[in-house]
Amino acid sequence: MFRFKPAIWRASVLFEFPRPVPVLKIQESWDVERFKVPLQDGDRWVGHSRNGVEIALQGQVGSQAGTLKLTEEEMFAAIEALRTALHVGPNDDRYAFFLFHDDASSTYRHFRNCSTVRLDYDLSNEKLYTYSAVIHAEDPVLYTTAPDA
C-alpha cells in the first residue's frame with residue numbers, strides 16, 4: 001500500500017516527522033532564457049534546465065512514529081528531535097527526504113541531497129505545538145528506492 005510518510009533518512013537512521021502533516025508543497029523551477037526575435041510575433045525560450053526543489057511542509061506535534069504525544073514535555077521533546085534531525089552543519093552529510101512509502105515493495109519515493117533552509121515552530125498552545133519547515137533538495141529527481149540503495 002502506498003502511504004504518505006514524510007521522513008528524513010541520514011546515516012541509516014529514519015526520522016519520521018511529527019504528525020499530522022496537513023500541508024506539504026513542492027516548488028520546482030527552471031532556468032530559461034527568453035529571446036524576442038525582431039520582426040516576428042512571439043518570443044523564444046531556450047536553455048531550459050531544472051533547478052533544485054523547495055519543499056515546504058507544515059505539521060503538528062500530535063504523534064510521532066505512531067506514538068501519541070500528549071504532554072507539553074513530550075511535544076517539546078518531539079520538536080527538539082525535529083530540530084536535531086533537520087540540522088545540517090558544515091561537516092554533516094545531507095539527507096534524503098522521504099515523501100511516500102510503498103509497503104508492498106518496501107520502497108520510498110524521495111528526494112536526495114537535501115538540507116534545511118528554515119524551521120519555524122510555535123510553542124504557545126499548550127495542547128498542540130505546530131511547526132513549518134522549508135527543505136531544499138539539490139537533486140530535482142524524485143527517486144524510488146529502498147532506503148539503503
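These lines cover the structure that appears in this document, whether it is placed above or below. (Residues numbered from 1 in each chain as written. Predicted model: local features only at pLDDT ≥ 70, side-chain atom pairs only at ≥ 80, totals over all residues. Heavy atoms only, no water.)

## Observations regarding the packing of aromatic side chains
- Applying the stated criterion across every chain yields a total of 7 aromatic pairs.
- Here F2 and F100 contribute two aromatic rings whose centre-to-centre distance is 4.8 Å and whose plane-to-plane angle is 15°, an arrangement assigned as stacked. Here F2 is found in strand β1 (residues 2-10), whereas its partner F100 is found in strand β9 (residues 95-102), with 98 residues between them in sequence.
- Overall, F100 belongs to the partly exposed group, its relative accessible area being 28%.
- Aromatic pair W9 and F98: ring centres 6.2 Å apart, planes at 15°, arrangement stacked. Residue W9 is located in strand β1, and its partner F98 is located in strand β9; the two are separated by 89 residues in the primary sequence. (Phe/Tyr/Trp six-rings, centres within 6.5 Å; stacked < 30°, edge-to-face > 60°. Helix = DSSP H or I, 4+ residues; strand = E, 2+ residues; numbered from the N terminus. Buried < 20%, exposed > 50% of the residue type's maximum accessible area, 1.4 Å probe, protein only.)

## Thoughts on the pattern of salt bridges
- A full pass over the atoms with the stated rule returns 5 salt bridges.
- Across the pair E138 and R94 runs a salt bridge whose closest N-O atoms are separated by 2.4 Å. Of the two residues, E138 is situated in the loop between β11 (130-137) and β12 (143-145) and R94 in the loop between α1 (72-86) and β9; the sequence distance between them amounts to 44 residues.
- Classification of R94 by relative accessible area gives partly exposed; the value is 39%.
- In this structure, D120 engages R118 in a salt bridge whose closest nitrogen and oxygen atoms are separated by 2.9 Å.
- For D120, a relative accessible area of 31% gives the class partly exposed.
- Accessibility expressed as a relative area gives 49% for R118, which makes it partly exposed. (Salt bridge = Lys/Arg side-chain N within 4 Å of Asp/Glu carboxyl O.)

## Re the side chain of K5
- Position of K5 among the secondary structure elements: in strand β1.
- On the accessibility criterion, K5 (13% relative accessible area) is buried.
- Excluding residues within four positions of it along the chain, K5 makes contact with E16, R19, F98, L99, F100, H101 and Y108. (Contact = heavy atoms within 4.5 Å.)

## Some details on the nonpolar core
- Grouped together as the largest cluster of nonpolar side chains are 24 residues, with contacts concentrated most on F17, L57, L86, F97, Y131 and I135.
- Mapped by element, the contributors of at least two residues to this core are β6 (53-60), α1, β9, β10 (107-122) and β11.
- The biggest single contributor to this core is α1, with 6 residues.
- Residues within four places of L57 in sequence aside, it is in contact with F17, V21, V23, L24, F97, Y131, S132, A133 and I135.
- Counting residues in each nonpolar core, the second largest holds 5 residues, with W9, A96, F98 and Y108 among its members. (Core = buried A, V, L, I, M, F, W, Y, C linked by side-chain atoms within 4.5 Å.)

## Focus: unusual backbone geometry
- Note that the residue after R19, namely P20, is joined by a cis bond; omega there is 5°.
- With respect to the element layout, P20 can be found in the loop between β2 (13-16) and β3 (23-27).
- Even without a glycine there, the phi angle at A11 is positive, about 55°.
- Residue position: A11 is located in the loop between β1 and β2.
- In this structure A11 comes out as exposed when scored by relative accessible area, which is 70%.
- Phi at N113 is positive, roughly 55°, even though this residue is not glycine.
- Here N113 lies in strand β10.

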